[in-house]
Amino acid sequence: MSQYMENIGSILADTSRLMRRAFDARARSIGVTRPQWQVLVTLKRHEGINQGGLAEQLDVEPITVCRMVDRLQEAGLVERRADAADRRSWRLHLTPRAHDLLDQLRPMADAMIEEALDGIVETDRQKLTTLLEQVRQNLSRKLVEQVVANG
């Protein structure tokens, strides 16, 4: 691996860590953690998903999702509804309170991104996004190929 590639990996890892910390600080002010926010955002995109599917989407163990959903349910942000097709399964749905919370978190996330991109012109922002999407696509494709090859 070249020195150049090691630097890209380090820069991406550091940037990701710093963005997580910046968001955590903002989200804490309204009583939510970043992992909880990730669950809520994922549920907003996949309303009615079951816990196994949510665990897969978040790339965490099902028991971890179960605990997170338990806490979010206790907080009145998520509700479990029986799955009509499978009595053993629960479908997850956001409550109106969760939608309100997401409406509060979106501007916080947008402000954090804006702060991170301060001094970068729009054309460079678009190019950065395009390049990072390509990196993600390349890595995702490679991961799928490895899973298929190894069963």
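- The name an unreviewed UniProt entry gives the protein chain is MarR family winged helix-turn-helix transcriptional regulator, with Novosphingobium aquiterrae as the organism.

1. With respect to the overall build of the protein chain
Right, so step 1: Helix and strand counts for the protein chain come out as 6 helices and 2 strands.
Right, so step 2: N-terminal to C-terminal, the α/β element order of the protein chain is α-α-α-α-β-β-α-α.
Right, so step 3: For the protein chain, buried positions account for 27% of its 151 residues.
Right, so step 4: Long-range contacts, defined here as pairs at least 24 residues apart, represent 48% of the contacts in the protein chain between residues at least 6 apart.
Right, so step 5: Surface exposure of the protein chain reaches about 10,800 Å², of which carbon and sulfur atoms provide 53%.
Right, so step 6: Across the protein chain, the mean location of the 22 positive side-chain charges is 3 Å away from that of the 22 negative side-chain charges.

2. Some remarks on unusual backbone geometry
Right, so step 1: A positive phi angle is found at D59, which is not glycine, with a value near 60 degrees.
Right, so step 2: By secondary structure assignment, the location of D59 is in the loop between helix 3 (51–58) and helix 4 (62–74).
Right, so step 3: Judged by relative accessible area, D59 falls into the exposed class, the value being 71%.

3. Some thoughts on the environment of T15
Right, so step 1: Turning to its location among the elements, T15 is positioned in helix 1 (residues 3–28).
Right, so step 2: Assessed through its relative accessible area of 37%, T15 is described here as partly exposed.
Right, so step 3: Spatially, the C-alpha atoms of T15 and S140 are 20 Å apart, while their sequence positions differ by 125 residues.

4. With respect to the pattern of salt bridges
Right, so step 1: Tallied over the entire structure, the rule returns 9 salt bridges.
Right, so step 2: Of the charged contacts in the structure, one is a salt bridge between D110 and R106, with a shortest N-O distance of 3.2 Å. Here R106 and D110 lie together in helix 5 (residues 96–116), a separation of 4 residues that amounts to about one turn.
Right, so step 3: Linking E114 and R125 is a salt bridge whose minimum nitrogen-to-oxygen distance equals 2.8 Å. One end of the pair, E114, is in helix 5; the other, R125, is in helix 6 (residues 122–150), and 11 residues separate them in sequence.

Rules and cut-offs
- Residues numbered from 1 in each chain as written.
- Predicted model: local features only at pLDDT ≥ 70, side-chain atom pairs only at ≥ 80, totals over all residues.
- Heavy atoms only, no water.
- Helix = DSSP H or I, 4+ residues; strand = E, 2+ residues; numbered from the N terminus.
- Buried < 20%, exposed > 50% of the residue type's maximum accessible area, 1.4 Å probe, protein only.
- Contact = heavy atoms within 4.5 Å.
- Areas by Shrake-Rupley, 256 points an atom, 1.4 Å probe, with all protein chains shown as cover.
- Lys, Arg positive; Asp, Glu negative; His and termini not counted.
- Charge placed at Lys NZ, Arg CZ, Asp CG, Glu CD.
- Salt bridge = Lys/Arg side-chain N within 4 Å of Asp/Glu carboxyl O.

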